[in-house]
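Given next are the chains, with one letter for each unit.
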Amino acid sequence: MYPPTTSTMRIDRIEPSRRRKDRVLVFLEGGDLLRVTEQELLVFGLRPGLELPEQLLAQVEQSAKRSEMKARGARLTGSRMLSKKQVMEHLTRKGGDRELAEDTAQWLEELGAVDESAYAAAIARHYAAMGYGPGRVRQELQRRGIPQELWDDALDTLPDPGEQIDRFLSSKLRGGEADEAAKRRLTGALVRRGFSWGDIRAAWNRLGTEMSEE
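Read on for an overview of the structure.

1. Examining helix H4 (residues 98–111)
Then, in step 1: With 14 residues, H4 extends 20 Å between its outermost C-alpha atoms, agreeing within 8% with the 20 Å of an ideal straight helix rising 1.5 Å per residue.
Then, in step 2: Within H4, burial applies to Leu100, Ala101, Thr104, Ala105 and Leu108. Projected down its long axis, H4 shows its buried positions confined to an angular sector of 140 degrees, all on one face. Counted as exposed and oriented over 90 degrees from the buried face of H4: Glu99 and Glu110.
Then, in step 3: Where H4 is buried, its residues contact helix H2 (54–79) and helix H3 (84–92).
Then, in step 4: In this structure aspartate 97 caps H4, since a side-chain oxygen of it lies 3.0 Å from the backbone nitrogen of glutamate 99.
Then, in step 5: Among the residues trailing H4, glycine 112 stands out with phi positive, at a value near 95 degrees.

2. With respect to the sheet that holds strand S3 (residues 33–36)
Then, in step 1: One open sheet holds the four strands; their spatial order is S3-S2-S1-S4, and the pairing between them is antiparallel. Unpaired on one side and paired on the other, S3 and strand S4 (51–53) mark the two borders of the sheet. In this sheet, adjacent strand axes meet at a mean angle of 40 degrees when their direction is disregarded.
Then, in step 2: Of the strand pairs in this sheet, strand S1 (residues 8–16) and S4 are connected by three bridges, and their pairing is antiparallel. Looking across to S4, one finds that methionine 9 is bridged to leucine 52.
Then, in step 3: Strands S1, strand S2 (24–28), S3 and S4 of the sheet are contacted by H2, whose axis makes an angle of about 90 degrees with S4.

3. What about the packing of helix H5 (residues 116–129) against helix H6 (residues 134–143)?
Then, in step 1: One way to put it is that H5 packs onto H6 with a least axis distance of 10 Å and a crossing angle of 140 degrees. Relative to H6, the element H5 lies oblique. In the crossing of H5 with H6, the sense of the turn from one axis to the other is right-handed. Counted together, Ala120, Ile123, Ala124 and Tyr127 of H5 and Arg136, Val137, Glu140 and Leu141 of H6 form the full contact between these two elements.
Then, in step 2: Taken together, the residues of the contact of H5 with H6 break down into six nonpolar, no polar and two charged.

4. Some thoughts on the pattern of salt bridges
Then, in step 1: The tally for this structure, following the rule as stated, stands at 16 salt bridges.
Then, in step 2: Glutamate 15 serves as the salt-bridge partner of arginine 13, at 2.9 Å between the closest nitrogen and oxygen.
Then, in step 3: For glutamate 109, the salt bridge identified is with lysine 84, shortest N-O distance 3.1 Å. Separated by 25 residues along the polypeptide, glutamate 109 in helix H4 and lysine 84 in helix H3 bring together distant segments of the chain.
Then, in step 4: A single salt-bridge network, built from bridges that share partners, covers Arg20, Asp22, Arg23, Glu68 and Arg75.

Quick notes on the rules
- Residues numbered from 1 in each chain as written.
- Predicted model: local features only at pLDDT ≥ 70, side-chain atom pairs only at ≥ 80, totals over all residues.
- Heavy atoms only, no water.
- Helix = DSSP H or I, 4+ residues; strand = E, 2+ residues; numbered from the N terminus.
- Expected span 1.5 Å × (residues − 1).
- Buried < 20%, exposed > 50% of the residue type's maximum accessible area, 1.4 Å probe, protein only.
- Arc of directions from axis to C-beta.
- Contact = heavy atoms within 4.5 Å.
- Polar contact = N/O pair within 3.5 Å; in protein donor to acceptor, adjacent residues only side chain to side chain.
- Pairing = 2+ DSSP bridges.
- Axes fitted to C-alpha atoms, helices over the stretch in contact; angles between N-to-C directions.
- Parallel < 35°, antiparallel > 145°, perpendicular 65-115°, else oblique.
- Left-handed = near helix turned anticlockwise from the far one by under 90°.
- Nonpolar A, V, L, I, M, F, W, Y, C, P; charged D, E, K, R; others polar.
- Salt bridge = Lys/Arg side-chain N within 4 Å of Asp/Glu carboxyl O.

So this is what it looks like as structure tokens:
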């Protein structure tokens, strides 16, 4: 019996990409093209004339995918704060490999490019400044994929909800009194902003009026 043959592909030439500074084009004989980074050139010693067995070619391609995903992740987190969940959603949105996306999100966290604790605190500050209460902040933390064990620390930074509700009602009533319809309307608005019924009722009591639970 003859031993199984392993096909190889020879590198014809290597050129820098004209469109992407972080990409290198490796042209193979026969017309195939590999898109890699400087990392792959160094690690695998890629050069014109090198023969690439199938196994080595697969390793180069996998490494290039990993490098490309890390570059995408770095670009994502370089312009805005994101959770690890959001990073993974972006990286897998167009069919990206989930395992590579998980590795990239972990890598970004280790680098400090993803800091979910700081992100949670920033979300809390942002929505508190817009006049929203704890309930709305919890919704946003959950929607953005912040781990639940980080919620309490973020919520602890919120201003007193009673003071926020008092300012809201003062701005709407402007020293006047609210009829029942206005009370229901303003109470509904406060609930939608994420304040609890107990805090809202206490605020109405401070204004010398009661709010029915109907």
